Amino acid sequence: MITELNQRSREIFRLIVDAYVATGEPVGSRTISRRLGMALSPATIRNVMADLEEQGLLYAPHTSAGRIPTEAGLRLFVNGLLEIGSLSEDERGSIEAKCASSGRSLQDVLGEASTLLSGLSHCAGLVVAPKTDRPLKHIEFVSLAPGRALVVLVNEDGLVENRVIEVPVGVPAATLQMVSNFLSAKLVGRTLDEARQAVLREIEDQKTELDELSQRVVSAGLATWAGSSGQNSGQLIVRGQAKLLEDVTALSDLERVRALFEALETKETMLRLLDATGKGDGVQIFIGAENVLFGHSGCSLIISPFQNSREQVIGAIGVIGPTRINYARIIPLVDYTAKVISRLVG
């Protein structure tokens, strides 16, 4: 449809959407007249707005002269007129620093990424966390400080999990290396739960040649891993839900947001989010009713998958907010954050 609009109509439509995204209020002809670079009277602008309304791109929410874009209009704007911004070096550096995984579990990193997107976008940030119940490929213990060691887990998807555990003070580096070799030989190819059960069974049956100190290190590591077994089915992490209430001005708006919160609490939502992002490359944009997940809530979803080293989609990260979300600002934020997460897990 964008090709059917002349240059004047495109510019007026773009200014209307820009003003609506900035204020959330209906936009009148006088506002456009002041912002327009060409000399057009408010009457001429009103005629163009009437034509855009007839084409289903604008509508009047009430009896005022102002107009706001329809969901079809917003889609047209995103597909044909949106000028996507770029992130500054400081913003890129901030995202990378916040997502740095050193000494933290993947769940912590993803939670931090969701909080970061919420703060930068002033909307709700969400992450579909990957399943962790995959066979292991590599296990290693690294000494950090007296009484502390880093456990590095890599599964067959290339997902890296770093966790800090407590170990007996004075454990020599040779013992940590022996523990790493023992676990690598016994556990590679097994899932986390299978690995835990197999090793504990061997220790209890005293079939291993590990000394008491090494057994304590192994047990400490296994106990730490077991703490996340409830997350093996994946997890939907949402941060900043309260920001979705900031623009609520009517009871009907509140009801839509309540319906959104209910949708976010279901496991089905998580699976469908992954399915939606896995069907396309890069950032996916769902506006209002286009979004089969949250269509009744009047929200837009901007989401991008993150991948493992084999370029398989294992999770997704994004932002959900009102349809007047700042698309130009948020699309590059989501895109870059997803790339950073992909690099970390790959």
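Everything in this summary refers to the structure shown in the same document. The structure presented is a predicted model; accordingly, all values stated were derived computationally and were not measured.

Parameters and conventions
Residues numbered from 1 in each chain as written. Predicted model: local features only at pLDDT ≥ 70, side-chain atom pairs only at ≥ 80, totals over all residues. Heavy atoms only, no water. Helix = DSSP H or I, 4+ residues; strand = E, 2+ residues; numbered from the N terminus. Buried < 20%, exposed > 50% of the residue type's maximum accessible area, 1.4 Å probe, protein only. Contact = heavy atoms within 4.5 Å. Areas by Shrake-Rupley, 256 points an atom, 1.4 Å probe, with all protein chains shown as cover. Axes fitted to C-alpha atoms, helices over the stretch in contact; angles between N-to-C directions. Parallel < 35°, antiparallel > 145°, perpendicular 65-115°, else oblique. Salt bridge = Lys/Arg side-chain N within 4 Å of Asp/Glu carboxyl O. Pairing = 2+ DSSP bridges. Expected span 1.5 Å × (residues − 1). Polar contact = N/O pair within 3.5 Å; in protein donor to acceptor, adjacent residues only side chain to side chain.

Considering the overall build of the protein
- The helix and strand tally for the protein stands at twelve helices and ten strands.
- Within the protein, the proportion of its 346 residues that are buried is 48%.
- A fraction of 63% describes how many contacts in the protein between residues 6 or more apart in sequence connect residues 24 or more apart.
- With an accessible surface of roughly 16,700 Å², the protein has 47% of that area assigned to carbon and sulfur atoms.

Regarding unusual backbone geometry
- One non-glycine residue, His122, lies in positive phi territory at about 60°.
- Within the element layout of this structure, His122 appears in the loop between α6 (106-121) and β3 (124-129).

Let's talk about the packing of helix α1 (residues 7-23) against helix α3 (residues 42-54)
- The N-to-C vectors of α1 and α3 enclose an angle of 85°; their axes lie 10 Å apart at closest approach. Judged by the angle between their axes, α1 and α3 are roughly perpendicular. Where α1 approaches α3, its residues Arg8, Ser9, Ile12, Phe13 and Ile16 are matched on the opposing element by Thr44, Ile45, Val48, Met49 and Leu52.

Points about the pattern of salt bridges
- Applying the stated criterion across every chain yields a total of six salt bridges.
- Where Glu96 meets Arg343, a salt bridge forms, and the shortest distance between an N and an O atom there is 3.5 Å. One end of the pair, Glu96, is in helix α5 (residues 89-99); the other, Arg343, is in helix α12 (residues 327-345), with 247 residues separating them in the sequence.
- Each of Glu11, Arg14 and Asp18 takes part in one network of salt bridges that share partners.

Observations regarding the pairing of strand β10 (residues 313-322)
- The element β10 is extensively covered by neighbouring structure, given that eight of its ten residues are classed as buried.
- Looking at chain direction, β3 and β10 are connected through five bridges and run antiparallel. If you follow Val128 over to β10, its bridge partner there is Ala316.
- Here strand β9 (residues 299-307) pairs with β10 via nine bridges, running antiparallel. In the strand pairing of β10, Ile303 is matched with Gly318.
- Counting the residues between successive antiparallel strands, the hairpin from β9 to β10 contains five residues, one of them, Glu311, with a positive phi of roughly 60°.

Observations concerning α12
- If you check α12, its first and last C-alpha atoms are 27 Å apart, about what 19 residues at 1.5 Å a residue would give, namely 27 Å.
- Summarising burial for α12: 14 of the 19 residues are buried, a large majority.

Thoughts on α1
- Given a rise of 1.5 Å per residue, 17 residues ought to cover 24 Å, and the 24 Å separating the end C-alpha atoms of α1 matches this to within 8%.
- Buried within α1 we find Ser9, Ile12, Phe13, Leu15, Ile16, Val17, Ala19, Tyr20 and Val21.
- Buried-residue contacts for α1 involve α2 (29-35), α3, β1 (58-59), β2 (68-69) and α4 (71-81).
- Two or three places before Arg8, at the opening of α1, Asn6 has a side-chain oxygen 3.2 Å from that residue's backbone nitrogen.

Concerning the environment of Gly37
- Mapped onto the elements, Gly37 comes out in the loop between α2 and α3.
- A residue is classified by how much of its surface remains accessible, and Gly37, at 83% relative accessible area, is exposed.
- When the C-alpha atoms of Gly37 and Glu11 are compared, they prove to be 9.4 Å apart, with 26 residues separating the residues in sequence.

Regarding the environment of Gly24
- Note that Gly24 resides in the loop between α1 and α2.
- Gly24 gets classed as partly exposed once you look at its relative accessible area, which sits at 27%.
- Between the C-alpha atoms of Gly24 and Pro322, which are 298 residues apart in sequence, the distance is 9.5 Å.
- In this structure Gly24 touches Ala19 and Arg324, once residues within four positions along its chain are discounted.

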